[in-house]
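Chain residues, written in single-letter form:
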Amino acid sequence: MGTTSLYKVVQGVLQRAKDSDSSDKSVDSDNSDDTDVNQPLESCEQPSVIPKPSNYGQYTNKMHFFYKYILVDLYENEYAVHFREPVDTEVIQAPNYYAIVAQPMDMGTIKQRLKNHFYHHVGEAVSDFMLMLHNCFQYNIRGTMVYERGCFLEKFFMERLYTIPKGPENPYADIPMKFRRLHLLAPRPYTTTPLRPPTATCRPTRRASTHSLRPRIATTQPLQLQPQLQLQPQLQLQPVPGRVLTRVRPMVDPKPSNLGKYSKKLNCFETAILEVAAKSDFGQDFLKPVDAVKLGVPQYYMIVVKPMDIQTIKKRLRKNVYQHIGEAVSDVMLILHNCFKFNKPDHPVYKNGQLLEEFFWKELKHIPTGQDIDLFRKRSAANECTPNSVTQ
């Protein structure tokens with residue numbers, strides 16, 4: 001009996017010790033959960049390069065020029081070594097990079113998006129390149145090597161933008177051999193996490209052949225140039241019998257979680273380009289949203305999927321919708337894209353669009369380069385950024 005009781009005592013001691021160890025582990029696990037609330041950031045982030053099947057873009061003549069004569073030249077330059085691939089925070093020892101840069105972008109991503117027909121017009125590609133430069137000036141300090149190289153790229157880029165072909169943006173017929181692929185290009189494995197292949201939802205886009213990029217008729221009838229882009233708008237903008245879609249107003253109210261800023265570059269963009277264009281004769285046709293009934297063009301919003309006008313851009317500037325100047329530049333290029341897409345070359349609106357395009361590229365070169373400064377009082381620096389060509 002004594003041996004049995006002694007065995008029970010030892011067994012109880014061991015059980016209590018085991019329970020205490022388990023309780024300590026549970027406390028440690030609770031503490032670890034409290035301390036690991038802020039998970040470490042990814043060392044490298046790859047923006048999306050595969051378009052959604054319902055939002056498939058195109059490859060146009062202006063995109064081809066942008067790729068071959070601007071993007072490739074800058075990509076092969078020695079100063080672009082820091083901008084060719086997504087930033088790897090472990091390599092450059094900058095763990096807080098993605099905490100400061102919310103929308104990363106690089107040249108390799110822009111090239112993949114062009115190959116995958118991610119963009120609908122060349123202004124979106126221009127916006128991505130300017131976003132990359134904006135991130136450079138946002139994170140790096142003036143005087144550092146990366147900052148100075150970013151200034152060089154921006155100066156070269158703004159000078160070469162003027163050489164983009166003017167006029168309508170049509171699907172490019174002679175597609176380069178490396179662009180003739182029946183499958184979309186997945187992002188390159190830069191990230192530390194494994195990349196998943198394209199999902200099954202992307203397979204319908206594989207049926208798109210090069211024949212869909214060739215103009216079947218004259219450019220004056222843009223409805224049949226890109227059947228890929230008409231499927232979704234017809235579902236959304238199908239007119240009701242007896243009614244005509246009169247006017248479409250683009251969104252001007254930003255989301256609270258995505259509120260932008262009003263900067264010095266945007267201020268100069270508004271005063272030197274938008275306000276001058278709004279007061280000019282050639283800008284009157286683009287000042288307000290198109291009234292399809294008043295102008296007698298009931299099919300306008302069946303052709304123009306993304307309408308845009310100067311007043312909408314000014315409202316977006318006033319409500320801080322834009323994150324950087326590239327988004328505002330893209331909206332002006334969207335106005336020109338819609339103008340040349342709908343109107344015929346002999347129409348007065350088409351000719352005014354040509355004048356607006358010439359004025360836009362000429363004055364865009366006067367926008368300040370380098371680091372962008374946030375303006376808390378919107379109208380405080382309204383007169384200091386106007387270029388000399390405007391004040392004359």
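This text goes with the structure placed above it.
This structure is a prediction, so every number in the text was calculated from the model and none was measured. (Residues numbered from 1 in each chain as written. Predicted model: local features only at pLDDT ≥ 70, side-chain atom pairs only at ≥ 80, totals over all residues. Heavy atoms only, no water.)

**Student:** So, the overall build of the chain: which residues are in play, and what are the values?
**Tutor:** Helix and strand counts for the chain stand at 15 helices and zero strands. For the chain, the residues scored as buried account for 45% of the 392 residues in total. Taking the intrachain contacts of the chain between residues at least 6 apart in sequence as the baseline, contacts between residues at least 24 apart amount to 80%. When the accessible surface of the chain is summed, it comes to about 21900 Å², and 53% of that surface belongs to carbon and sulfur atoms. (Helix = DSSP H or I, 4+ residues; strand = E, 2+ residues; numbered from the N terminus. Buried < 20%, exposed > 50% of the residue type's maximum accessible area, 1.4 Å probe, protein only. Contact = heavy atoms within 4.5 Å. Areas by Shrake-Rupley, 256 points an atom, 1.4 Å probe, with all protein chains shown as cover.)

**Student:** Outline unusual backbone geometry, listing residues and values.
**Tutor:** In terms of backbone geometry, most residues other than glycine have negative phi values and most peptide bonds are trans. Located in the positive-phi region is His117, a residue other than glycine, with phi close to 60 degrees. Exposure remark for His117: the relative accessible area of 9% places this residue in the buried category. Even without being glycine, Asn320 reaches a positive phi, approximately 55 degrees.

**Student:** Please set out the pattern of salt bridges residue by residue, giving values where relevant.
**Tutor:** Within the structure shown, the criterion is met by six salt bridges. Arg160 is the partner of Asp73 in a salt bridge, and the nearest nitrogen-oxygen pair spans 3.7 Å. Of the two residues, Asp73 is situated in helix α2 (residues 61–75) and Arg160 in helix α7 (residues 145–161); the sequence distance between them amounts to 87 residues. Residue class for Asp73 comes out partly exposed when judged on its relative accessible area of 35%. Among the salt bridges present, the one from Lys306 reaches Glu124, with a minimum N-O distance of 3.6 Å. Pair noted here: Lys306 is in the loop between α11 (300–303) and α12 (310–318) and Glu124 is in helix α6 (residues 122–139), with a separation of 182 residues, a long-range link. Residue class for Glu124 comes out buried when judged on its relative accessible area of 16%. (Salt bridge = Lys/Arg side-chain N within 4 Å of Asp/Glu carboxyl O.)

**Student:** How would you explain the packing of aromatic side chains if you had to name every residue and give the values?
**Tutor:** Any aromatic ring pair is given by two values, namely how distant the centres are and how the planes are angled relative to each other. Taken as a whole, this structure holds 15 aromatic pairs when the rule is applied. Ring centres 4.9 Å apart and planes at 40 degrees place the aromatic pair Phe65 and Tyr69 in the tilted group. You can see Phe65 and its partner Tyr69 sitting in helix α2, four residues apart, about one turn around the helix. For Phe65, a relative accessible area of 17% puts it in the buried group. On the basis of relative accessibility, which here comes to 36%, the residue Tyr69 falls in the partly exposed class. Centroid distance Tyr79 to Phe152: 4.7 Å. Interplanar angle 85 degrees. Geometry classified as edge-to-face. In this pair, Tyr79 sits in the loop between α2 and α3 (89–92) while Phe152 sits in helix α7, placing the two residues 73 residues apart along the sequence. Using a relative accessible area of 33% as the deciding quantity, one classes Phe152 as partly exposed. Three or more aromatic residues joined by ring pairs form one cluster here, namely Phe66, Phe129 and Phe157. We note Lys111 situated over the ring of Tyr75; from NZ or CZ to the ring centre the distance is 4.0 Å. Over the ring of Tyr162 we find Lys166; its NZ or CZ atom is 4.5 Å from the centre of that ring. (Phe/Tyr/Trp six-rings, centres within 6.5 Å; stacked < 30°, edge-to-face > 60°. Lys NZ or Arg CZ within 6 Å of the ring centre and 35° of its normal.)

**Student:** Which residues make up α2, and what are the values?
**Tutor:** The terminal C-alpha atoms of α2 lie 20 Å apart, and with 15 residues this matches the ideal 21 Å at 1.5 Å per residue to within 8%. With 11 of 15 residues buried, α2 is to be regarded as a mostly interior element. Turning to α2, its buried residues number three or more, namely Lys62, Met63, His64, Phe65, Phe66, Tyr67, Ile70, Leu71, Val72, Leu74 and Tyr75. Looking at the buried positions of α2, the neighbouring elements they touch are α5 (107–115), α6, α7 and α14 (348–364). (Expected span 1.5 Å × (residues − 1).)

**Student:** Outline the environment of Gln138, supporting the account with residue identities and numerical values.
**Tutor:** Locating Gln138 in the fold gives a position in helix α6. Along the sequence, Gln138 and Asp372 sit 234 residues apart, while their C-alpha atoms lie 7.7 Å from each other. The contact partners of Gln138, leaving out residues within four places of it in the chain, are Ile100 and Val101.

Taken by themselves, the reported measurements are silent on function.
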